[in-house]
Amino acid sequence: MTSARRLGLFAGALVACAAMLGVAFAHVRLTSSSTGSGLKWNSPGKIGITINSTGSDDAPDGSHVAALRNAIAAWNDVPNSKATLVEKTDPDEMARTDWESDGVHLIWFDEDDDSGYFPLGSGVVAITPVWFQSDGEIVDADVLFNGYGFDFTTEDVGGAFDIQDVATHELGHLLGFDHSGWAGATMYPYVSPAVIEHRSLSEDEVHALHHVYPVGGFASITGTVRRTSDSTRVLGAHVVARDANGRTAASALSNSNGDFTLRGLSAGDWTLYATPLDYPVSGWNLSSGQTVQTDFQSTLGPTVTTQASGAVDVGNLYVGANAVLSLGRNNDHFPLRIVRGTTDAYFLRGAGLDSLCTLECSDPSITIQVVSWMNTLVAFDVTAPLGAERGHADLIVTNSLGDVSILPAALEVTPPDPVVTSVSVALGSDLGGTTLTLDGANFEPGARVVVGEHVYVDGVDATVVDDSTITLTTTATVPGLYDVVVLDPSGVEGRLDDGFEFAAIPTIATVFPSAGSDLGGTPVTIRGASFEVGTLVRIDGVTQTNVTLVDSDELVVITEPGSAGGPYTLEVENTSGHVATSVFAYAATPDPMLVGVAPASASTAGGDPVTISGANFGVDTEVWFGADAATGAGGVSVDVTLVDANTLVVRAPAHAAGLVDLVVRDGATGQATALAGAFEFAEPEPSGGGGGCATVTPHGPFEPRSAAEGLAPLVLAFALVRLARSRRFALR
Amino acid sequence: MRTFLPIALVGALFLVVAGLGAAFRDVSASTVEKLDLAGLFDRSEHVVHGRIAKTSVRLGAHGRPETTVELELTTAFWGGAQTSLVFTLPGGALSDGREMVIPGLPKLAVGEEVLLFLSRESKRGLRLPIGLAQGKFQIVRDEHGPAVLVRGASELEVLDPATKKSEKLETRATLDWQATVRELERLANVRREREAREKAESK
Ligand SMILES: [Zn+2]
């Protein structure tokens, strides 16, 4: 980290400082160049984020959506932070591309350099322009992916950048954070294809949230960085705190007076050190223009104990003279991922890395074995114990003179990649509701499962049962074949390619009537789900030609002729080939027909005579008041007097007030017909006078035939009734 | 801002590392496009050395600030600019205090002596330093010695264009700017020859 360049001195002295204000931020915040105020949202609890619906041309399967949702969740899931990114899903808003509008905070893949911010060859993968007032209040910020110059991926396509990784970084800028000096932080300024370790936040970003958007109080540590040689103050020194386990925990840059404040800390013991911000992140990566002096070597300071809140002042933190020693360059890959329980081999670039040096990790449980020292490069093996926690640790190189260089957060400990071996069910309805069991390995608490656009989260709508089992119940998802991806909280993932298919799978709930005339022509209502344009209906293998899609949950078929008998298989087949089955029978008798009912209303008390006219009535004919005209379900059956094949006389049952359907059914064959809303039950007149409804025939002895003759000549055509019922008619 | 240009600008060091990179391929999780000085040069439409004479901020096409920079040229290593080069960057601070920042974009201050590797113009006429901070170098003149070149976000300071050796370079107080100039001129010749050859082949 450190180097003996007097150049560094010059750099520190001569960096242009737009804002030489006494501000020192933990981690690094974006600042106003006119006032030095740190940028932040004034209403951080509901920062709207809109994922542009066009998506990325590199992810035509729409997989970018879940990736971006995971990136959003990385920031939202930090406890004790007010900052909440709220995804907005209004389709009109999602169609917008006017990122420059203050009213929308877009994540947009700029595939054609429409923004004008992506000249070819610039090397810029994504940018987040942040627009703010002089007091630091952010007015607008938008994440623009350079789809013009680069490829993006959600599944480790070679040469392409991981959408979730890049988005997590850019959302940090959107929240007001600048680049981090930690090699393994999400806000590390560089990214390479295939890198996914920035998907999970480091403690630097967590402390940034606790500093800028705190819920409750936090502790802080203050002090001043000075050179041992002459007690002069060091400007822009990178001050880092390690926790009691030697893990990288928090950081700050000293300000233009050399003062620093580490913020957002909880209670604990912290070991401080100061290190020059030169490699691999330097002051040039920061937007603040802050003076960054690098003419000193990494120097350990005291261990400090903080309570849950309150400031602890450590006084002066003295740093040693510059040294010909440094570790890490920006063309190294950071972080160095260490899978716990394994040994991983790496090399890092640097200076002064000779064979008299030693290399160690700040977490003493992580061991390092150097393979070779080559002055400008060191190759080594790193071993993390099986029980090692996730998170970052520093690398420390010490030379024969005792000079030290520390590379903050260079290592990131993760579990092994999750492995998804199988999914218990390969196919489920696009309406959701399918229970899945994922078998595999290395599943850990907090895992997230991506299937389609939805992210299933352990403890929310998925359950990590044990390290080899996850269960979840699917939610409604656009039909398609999807990978099943399990993401560890560290961001590493396992994937079962094409592991689950969502399809519009039809289901049948009811078929009414359950039988019809063998001559055909019976209107049959099929209720169910996922019916679509082009859905086929077959009875006993015969394709029905007259099928009307009323809605995705209702079909009406006018039957073809069939052979008397059954029940036969009734099939509903969607365009995807998925089939649902039920049964239907043919009878050698004509279907009953309903023409009219008189009177069309009766008292809720019951007992009023009613005459039903129609055709093909017989001894097995049943009459149901209040049965559903589409399904035949429910209702109250009454005793029937069969006057003739065209006339039935019944007494209305006691029934709650209201308009009801009337169903006439042949109890022997199942043939049936219905009139929707054909009969009304009304409360009796409280006065006691008049009695009954106006349409009721005059009082007198019950005369069935005269009642039938009193029928108004209204003929309710079945088709008209169907039409009235089809008010929900809306093709998908 | 996320950039993708981890650059090894070092001649000899780059070769050493490239060789090792192959040896360690199976242990390195990802592959980085490594651009040396030549790579940086080849991506640029302008490679220019000079002093920032003037900057001005105005609202651009998006209703967002853009900063126009006037560079008083000392040398144009590539791009054919004569005495000055005017270019526009996204972002900047308006006089009323409103500001747009592009995180990662290096600041260019009036009076700075810089070596800039500038991209071509975007569809809206904007340029960026190649690799953002990596495309800006600051020239620092030591009153006691020759000019030195200070790298911004990368490791040009370990480049010794004269010797092509990287060892012990970091103990040097200064770099030979004139040697750097010779290297840039050499890269310009290489690029010119290659482009002429490609032009001839395409006929
Ligand atoms: Zn960035």
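Residues numbered from 1 in each chain as written. Chains lettered and ligands numbered in written order. Predicted model: local features only at pLDDT ≥ 70, side-chain atom pairs only at ≥ 80, totals over all residues. Heavy atoms only, no water.

> I'd love a proper account of the packing of aromatic side chains, names of residues and values included.
All names here are of chain A. Inspection of the entire model under this criterion finds 19 aromatic pairs over all chains. Here Phe 500 and Phe 502 contribute two aromatic rings whose centre-to-centre distance is 4.9 Å and whose plane-to-plane angle is 80 degrees, an arrangement assigned as edge-to-face. A relative accessible area of 0% means that Phe 500 is categorised as buried. For the pair Tyr 568 and Tyr 586, a centre-to-centre distance of 6.0 Å together with 50 degrees between the ring planes defines the contact as tilted. Within this pair, whereas Tyr 568 is found in strand β41 (residues 565-573), its partner Tyr 586 is found in strand β42 (residues 579-587), the two being separated by 18 residues in sequence. Judged by relative accessible area, which is 16%, Tyr 568 ranks as buried. By way of ring pairs, the aromatic residues Phe 109, Phe 145, Phe 150, Phe 152 and Phe 161 are connected into one cluster. For the cation-ring pair, Arg 329 lies above Tyr 279, with the distance from its terminal atom to the ring centre recorded as 3.5 Å. (Phe/Tyr/Trp six-rings, centres within 6.5 Å; stacked < 30°, edge-to-face > 60°. Buried < 20%, exposed > 50% of the residue type's maximum accessible area, 1.4 Å probe, protein only. Helix = DSSP H or I, 4+ residues; strand = E, 2+ residues; numbered from the N terminus. Lys NZ or Arg CZ within 6 Å of the ring centre and 35° of its normal.)

> Mind laying out the sheet that holds strand β12 (residues 248-253) of chain A, listing which residues take part and the relevant values?
Residues and elements named next belong to chain A. The 4 strands are arranged β12-β11-β14-β15 in an open sheet whose pairing can be described as antiparallel. Of all the strands in the sheet, the pair left with one neighbour each is β12 and β15 (299-306). Neighbour-to-neighbour, the strand axes of this sheet turn through a mean angle of 25 degrees, independent of strand direction. Direction of pairing for strand β14 (residues 268-275) relative to β15: antiparallel, over a ladder of 6 bridges. The residue of β15 that forms the bridge with Gly 268 is Thr 306. (Pairing = 2+ DSSP bridges. Axes fitted to C-alpha atoms, helices over the stretch in contact; angles between N-to-C directions.)

> Break down the packing of helix α2 (residues 64-76) of chain A against helix α4 (residues 163-174) of chain A for me, with residues and values.
All names here are of chain A. Where α2 contacts α4, the axes come no closer than 8 Å and their chain directions differ by 40 degrees. Between α2 and α4, the angle falls in the class oblique. The two elements α2 and α4 cross, and the hand of that crossing is right-handed. Contacts between α2 and α4 involve His 64, Ala 67, Leu 68, Asn 70, Ala 71, Ile 72, Ala 74 and Trp 75 from the former and Ile 163, Gln 164, Ala 167, Thr 168, Leu 171 and Gly 172 from the latter. Looking at the contact of α2 with α4 residue by residue, the classes come out as 9 nonpolar, 5 polar and no charged. (Parallel < 35°, antiparallel > 145°, perpendicular 65-115°, else oblique. Left-handed = near helix turned anticlockwise from the far one by under 90°. Contact = heavy atoms within 4.5 Å. Nonpolar A, V, L, I, M, F, W, Y, C, P; charged D, E, K, R; others polar.)

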